[in-house]
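# Commentary on secondary and tertiary structure
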Amino acid sequence: PFWDLISNPNIYQQSFKELIHLICISLDLSAKGAFLYYAKNIFGMPVGLYHLPSKNVSFELTADGTQIQRYRFSFGSKQVFYNPDEIIHFKIPNPDNPFFSKNTAGAARYTLDADRFQLIYQKNFYLNDAGIGGIFTTPNKLSDESFDRLDKQISAKYADTTKAGKYFLGEDGLTFEKGSATPREADYSKTHIDTRNEICGLFRVPKSILGFVDDVNRANADASNRSFVQNTIIPFGFHIWDK
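Quantities reported herein were computed from a predicted structural model and do not represent experimental measurements.

### Comments concerning unusual backbone geometry
Excluding glycine, a negative phi dihedral is what most residues carry, and trans is how most peptide bonds are arranged. Here Gln13, not a glycine, exhibits a phi torsion of approximately 60°, which is positive. Structurally, the position occupied by Gln13 is in the loop between helix 1 (2-7) and helix 2 (16-29).

So this is what it looks like as structure tokens:
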């Protein structure tokens, strides 16, 4: 029966490995932890395993606040209630709340938010930057003829990618002031690298595993991989398999 269950866990044709993967993702991302509902037959034996999205799950405590009385799964306007013996609740121990998990991404939320805001800023910089390249000013009032002549001269001399970097010669008090920002002012590549390194540290994942090998050689990559298995994967797995 156990082999039949893990070979075909549910009606959605999800594999047992896929369920484990979803549990790991939930533990990384959700402060509630991961929830696995197991359906039972009339003899009380599990006949189905279903991963419940953590954002849709809440729970009610007993009157004394020491145990979970029941779980609530919400989808749309509907709700389904489960008894505690129908749910396997996976958690990374949280020192502040025994019913919640200590998700790794929660420790990096300010870093992740800052990186997201920077990316949004960069995107909108390129979408919205319709500013002028510069401003020519003069204390004198130009006639229509002088204005048109100067406009044509400037366009002919500077309005082309092959003419970038050419000098400007002003006459009769004409000066030039730089206008819009350049793409370099929206460049946060160094910040992205720092963010990546901080997140790798929080999740305790070596950069070599993610394919970043700029400062990695064979020796320290092998050592990092062994340390990753012993100090990250195995301890993380205990929060799943001891259930």
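### Considering the pattern of salt bridges
Taken as a whole and judged by the stated rule, the model has four salt bridges. The closest approach of N and O atoms between Arg70 and Glu60, which form a salt bridge, is 2.8 Å. In this pair, Arg70 is assigned in strand 4 (residues 68-75) and Glu60 in strand 3 (residues 57-61), connecting sequence segments 10 residues apart. A salt bridge links Asp113 to Arg116, with the shortest nitrogen-to-oxygen separation between them at 3.7 Å. Remark: Arg116 and Asp113 occur in helix 4 (residues 109-128); sequence separation between them is three residues, near one turn of the helix. Three or more residues joined by partner-sharing salt bridges are found here, namely Glu60, Arg70 and Arg72.

### Looking at the sheet that holds strand 5 (residues 78-82)
With antiparallel pairing, the three strands of this open sheet are ordered in space as 3-4-5. Only two strands of the sheet have a single neighbouring strand rather than two, namely strand 3 and strand 5. Neighbour-to-neighbour, the strand axes of the sheet open up by a mean angle of 25°, direction not taken into account. Bridge analysis of strand 3 against strand 4 gives five bridges, and the strand direction is antiparallel. Note that in strand 4 the partner of Val57 across the bridge is Phe73.

About the thresholds
Going along each chain's sequence as written, the residues are numbered from 1 onward. It should be noted that, the model being predicted, local features are given only for residues of pLDDT at least 70 and side-chain atom pairs only at 80 or more, the latter also being counted only at that level, while totals for whole chains, interfaces and linings use all residues. Side-chain measures were taken over the full set of non-hydrogen atoms in the model, leaving aside hydrogen atoms and water. The helix and strand labels rest on DSSP assignments: H or I over at least four residues marks a helix, E over at least two residues marks a strand, and numbering proceeds from the N terminus. The rule for a salt bridge is simple: a side-chain nitrogen of Lys or Arg has to be within 4 Å of a carboxyl oxygen of Asp or Glu. Strands pair, by our definition, only if DSSP identifies at least two bridges between them. Only C-alpha atoms enter the line fits that serve as axes; for helices the fit covers just the stretch in contact. Angles between N-to-C directions range over 0 to 180 degrees.

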